Amino acid sequence: MTNTVDPTPDEPVIRVQSVDKIFTLRHTRSIKEYVVWTVKGRKGELSQTFKALNNVSISIGSGESVGLLGLNGSGKSTLLKLISGVMQPDAGDVQIKGLVAGLIEVGAGFHPDLTGRENVYLNGAILGMSEEEIERKFDDIVAFSEIEKFIDTEVKFYSSGMFLRLAFSVAIHSQPDIFLVDEILAVGDEPFQRKCLDRIRELKAAGQTLVVVSHDLRRIQEICDRGIVLRQGEVVLDGTIAEAVDLLHQGA
Amino acid sequence: MNRTPAMMRLHHPGHSRGLIEIPRWYFLLSLLVRKELRVRYRGSVLGMLWTYVKPAIQLLVYYLAMGRFLRLNAQIPNYIVYLFSGIVMVNVFNEILRNTTSSIVGNAPLVGKIYLPRELFPVASLWVAFIHFIPQVVVLLIAAVLFGWRPGPMNILAVLGGILLVAMLALGLGLMFSAWNVLFRDAENIVDLISMVAIWFSPVFYAWSMVQAAVPGWLWTVYQCNPLSVAVELFHYGFWAPTRDGGGTPITVITANAANPPGFGMWICVGFAISVVLLVLGQLVFRTHESRFAEEL
């Protein structure tokens, strides 16, 4: 890792303070409708707002492994997107330390018309790896994905399993300071899932900060120590992973 | 891209310093450019050859219609070089503008899921357009040489200046339209309109003197304020002015001092000033909308 020694180890690596996130659901994408509705005085009907996160505050220290739990629409993925910087909060403050990357929608940067090899390079770079770093890790990445034979084939000819394996393999080798994992624990077949979990546990043992979103309560307990439960955009529990899973079993 | 010291302190994720930060991402940028080229020519037999075929046909059609049928050939010596240097310039302007405008929407899966400085996508589109520009310039150069092209340092400088000017102008507009395109897909139609008009409101088919003779003074000023007109004239100066007619006389001598419009030096400055303002404005518009790209896509 290229991490420099942190002069302030007690400071959190993720600090989310009183964050609100409001989505505007717009019903039109054409200027014509926009103008017509505005003239008719029905502008208010053009959009609806929806509060995805409401006054959320969390603080995550270096090396912690945190599971974000909650039902669909509780705001878990939105929170991850705020931490990764894809979205900006409407109120409050999000700060992080170091390079954040991870498995948010594995394969988002993959392009079907490129070969496996080209996709490894493109995605490695998207996840913040340098050219030299990708070259150094290339063989490991391919070996981990177990698709050596097809690495120079265009990705559009891959099965969905092969595609996810390669995407996951690139991501897991990217070594960010903060690793975000969004619902990817269902990658490939059982042996490959095992392998992924083992790899994530290795990273955790090595002091990797992890934030995991998953609906697989059994798996998430294997990886995380701490659990945070969200319900309708609010934090309802911040404790051990066991407490969080118990709450969800009761129907969060 | 490795970690900078600033990244190792607490910072707000998803904030970049805009275009200034792009050179640090040259590796990813080069991969994005390669990806766009690959995607564009997927399943195409002729591939990159199309970048030669299209302008060649375009040139032929315009030369027949404008040069022969409308007899502009007789009024402007070496008309084919004159025409082509203008067409090449307008083509690159249109391509940069079109590519950049659709660059954010076209990369929606990436923009919506992983944070990267979003300016990467328009800048990658700019490079793709320039890669398509190179074969056209090569063809233009060959044509110019056949017509006795003997450039001086100022002519070469004019070519480079023209390229810089069109890059700033089109990227500035492209940044603006790419951001608006996320909100309203109408932006692409507006860009199509601009592209359609661009070739007629620059001295591509005709000479600047015909415009000056036909319009009132204030409209002439407006016409000259168009940075694309200035860029086209810079290319005329670079590629067409140093060519010679059948008798070996340089164009500049035949057309007296008419190879470029009066006060050309001043208009170059005006063109550059307007382009710089548009580039800065484009970056500002882009930044104000950038934070909402992920949720609007």
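Preceding this paragraph is the structure being described.
The sections below set out a description of the structure shown in this document. Everything quoted here is computed from the prediction, not taken from an experiment. (Residues numbered from 1 in each chain as written. Chains lettered and ligands numbered in written order. Predicted model: local features only at pLDDT ≥ 70, side-chain atom pairs only at ≥ 80, totals over all residues. Heavy atoms only, no water.)

Some remarks on the overall build of chain B
Phase 1: Each helix and strand counted, chain B has 14 helices and one strand in total.
Phase 2: Relative to its length of 297 residues, chain B is compact, with a C-alpha radius of gyration of 21 Å against a globular reference of 19 Å.
Phase 3: Projected onto its principal axes, the C-alpha coordinates of chain B cover approximately 70 × 50 × 35 Å.
Phase 4: Within chain B, buried positions represent 55% of all 297 residues.
Phase 5: Considering only contacts within chain B whose residues lie at least 6 apart along the sequence, 83% involve residues at least 24 apart.
Phase 6: Accessible surface, chain B: about 13,000 Å² in total, of which carbon and sulfur atoms supply 71%.
Phase 7: The positive charge centre, built from 20 side chains, and the negative charge centre, built from 12, are 8 Å apart in chain B. (Helix = DSSP H or I, 4+ residues; strand = E, 2+ residues; numbered from the N terminus. Rg over C-alpha atoms; globule rule 2.2 N^0.38 Å. Buried < 20%, exposed > 50% of the residue type's maximum accessible area, 1.4 Å probe, protein only. Contact = heavy atoms within 4.5 Å. Areas by Shrake-Rupley, 256 points an atom, 1.4 Å probe, with all protein chains shown as cover. Lys, Arg positive; Asp, Glu negative; His and termini not counted. Charge placed at Lys NZ, Arg CZ, Asp CG, Glu CD.)

Brief notes about the overall build of chain A
Phase 1: Tallying secondary structure elements over chain A gives eight helices and nine strands in all.
Phase 2: Expressed as a percentage of its 252 residues, the buried residues of chain A come to 53%.
Phase 3: Of the accessible surface of chain A, which amounts to about 11,000 Å², a share of 50% is contributed by carbon and sulfur atoms.

Focus on unusual backbone geometry
All names here are of chain A.
Phase 1: Although it is not a glycine, asparagine 55 sits at a positive phi angle of roughly 50 degrees.
Phase 2: The topology assignment puts asparagine 55 in strand S2 (residues 47–60).
Phase 3: Even without being a glycine, glutamine 232 presents a positive backbone phi close to 45 degrees.
Phase 4: By the secondary structure assignment, glutamine 232 is in the loop between strand S8 (226–231) and strand S9 (234–240).

Examining the interface of chain A and chain B
Phase 1: Between chain A and chain B, the residue contacts involve 54 residues of the former and 40 residues of the latter.
Phase 2: Summing the contributions of chain A and of chain B, the shared interface buries around 4,100 Å²; its carbon and sulfur component is 58%.
Phase 3: Inspection of the chain A/chain B interface yields two salt bridges.
Phase 4: Its salt-bridge partner being Arg38(B), residue Glu118(A) comes within 2.7 Å of it at the nearest N-O pair.
Phase 5: Taken together, chain A and chain B are joined by nine residue pairs in polar contact (both at pLDDT 80 or more).
Phase 6: Each residue belonging to the side of chain A that touches chain B can be placed in one class, and the counts come to 24 nonpolar, 15 polar and 15 charged. (Buried area = accessible area lost by both parts, 1.4 Å probe. Salt bridge = Lys/Arg side-chain N within 4 Å of Asp/Glu carboxyl O. Polar contact = N/O pair within 3.5 Å; in protein donor to acceptor, adjacent residues only side chain to side chain. Nonpolar A, V, L, I, M, F, W, Y, C, P; charged D, E, K, R; others polar.)

Considerations on the packing of helix H4 (residues 131–145) of chain A against helix H5 (residues 160–172) of chain A
All names here are of chain A.
Phase 1: Their axes nearest at 8 Å, the elements H4 and H5 cross at an angle of 140 degrees. What the angle tells us is that H4 and H5 run oblique. The handedness of the crossing between H4 and H5 is right-handed. In this structure, H4 contributes Ile141, Phe144 and Ser145 to the contact, and H5 contributes Arg165, Leu166, Phe168, Ser169, Val170 and Ile172.
Phase 2: Split into classes, the residues belonging to the contact of H4 with H5 amount to six nonpolar, two polar and one charged. (Axes fitted to C-alpha atoms, helices over the stretch in contact; angles between N-to-C directions. Parallel < 35°, antiparallel > 145°, perpendicular 65-115°, else oblique. Left-handed = near helix turned anticlockwise from the far one by under 90°.)

Quick notes on the side chain of His132(B)
Residue and element names in this part refer to chain B.
Phase 1: Checked against the element boundaries, histidine 132 lands in helix H6 (residues 120–146).
Phase 2: There is a polar contact of 2.8 Å between the side chain of histidine 132 and the side chain of glutamate 95.
Phase 3: Excluding its chain neighbours within four sequence positions, the residues that come into contact with histidine 132 are Leu37, Arg40, Tyr41, Met48, Thr51 and Glu95.

Topic: the nonpolar core
Phase 1: Counting 113 residues, the largest nonpolar core has Leu28(B), Tyr79(B) and Phe93(B) as the members making the most contacts within it.
Phase 2: In terms of residue count, the dominant contributor to this core is helix H7 (residues 153–183) of chain B (15 residues).
Phase 3: Aside from chain neighbours lying at most four places away, what touches Leu28(B) is Leu122(A), Ala125(A), Ile126(A), Leu116(B) and Leu120(B).
Phase 4: In this structure, Val13(A), Ile60(A), Leu79(A) and Val213(A) belong to the second largest nonpolar core, which totals 29 residues. (Core = buried A, V, L, I, M, F, W, Y, C linked by side-chain atoms within 4.5 Å.)

Concerning the pattern of salt bridges
Opposite charge on two side chains permits them to pair, given that their charged atoms come into close proximity.
All names here are of chain A.
Phase 1: A full pass over the atoms with the stated rule returns 26 salt bridges over all chains.
Phase 2: For glutamate 132, the salt bridge is made with arginine 136, and the minimal N-O distance between the two is 3.0 Å. Taken together, the positions of glutamate 132 and arginine 136, both in helix H4 and four residues apart, correspond to about one turn of that helix.
Phase 3: Overall, glutamate 132 belongs to the partly exposed group, its relative accessible area being 48%.
Phase 4: In this structure, glutamate 222 engages arginine 201 in a salt bridge whose closest nitrogen and oxygen atoms are separated by 3.1 Å. Of the two residues, glutamate 222 is situated in helix H7 (residues 217–223) and arginine 201 in helix H6 (residues 190–205); the sequence distance between them amounts to 21 residues.
Phase 5: Residue glutamate 222 is classed as partly exposed on the basis of its relative accessible area of 26%.

As for the sheet that holds strand S4 (residues 91–97) of chain A
Phase 1: Across the sheet, four strands lie side by side as S2(A)-S1(A)-S4(A)-S1(B); this open sheet has antiparallel pairing. A single partner strand is all that each edge strand has here, and the edge strands are S2 of chain A together with strand S1 (10–11) of chain B.
Phase 2: Direction of pairing for S4(A) relative to S1(B): antiparallel, over a ladder of two bridges. Across the sheet, the residue bridging to Lys97(A) is Leu10(B), located in S1(B). (Pairing = 2+ DSSP bridges.)

Observations regarding the packing of aromatic side chains
Phase 1: The full count for this structure, using the stated rule, is 18 aromatic pairs over all chains.
Phase 2: Centroid distance Trp149(B) to Phe239(B): 5.9 Å. Interplanar angle 25 degrees. Geometry classified as stacked. Here Trp149(B) is found in the loop between H6 and H7, whereas its partner Phe239(B) is found in helix H11 (residues 227–240), with 90 residues between them in sequence. Phe239(B) matches Trp149(B) in its accessibility class, with the two residues each being buried.
Phase 3: One Lys or Arg, Lys195(A), reaches over the ring of Phe144(A) and ends 4.8 Å from the middle of that ring. (Phe/Tyr/Trp six-rings, centres within 6.5 Å; stacked < 30°, edge-to-face > 60°. Lys NZ or Arg CZ within 6 Å of the ring centre and 35° of its normal.)

Remarks on the pairing of S8(A)
All names here are of chain A.
Phase 1: Most of S8 is tucked away: five of the six residues are buried.
Phase 2: Bridge analysis of strand S3 (residues 65–69) against S8 gives four bridges, and the strand direction is parallel. Along S8, the bridge assignment pairs glycine 67 with glycine 227.
Phase 3: Bridge analysis of S8 against S9 gives six bridges, and the strand direction is antiparallel. Each residue of the ladder has a partner; that of arginine 226, found in S9, is threonine 240.
Phase 4: Taking the residues between adjacent antiparallel strands as the criterion, S8 and S9 are bridged by two residues, where glutamine 232 takes a positive phi near 45 degrees.

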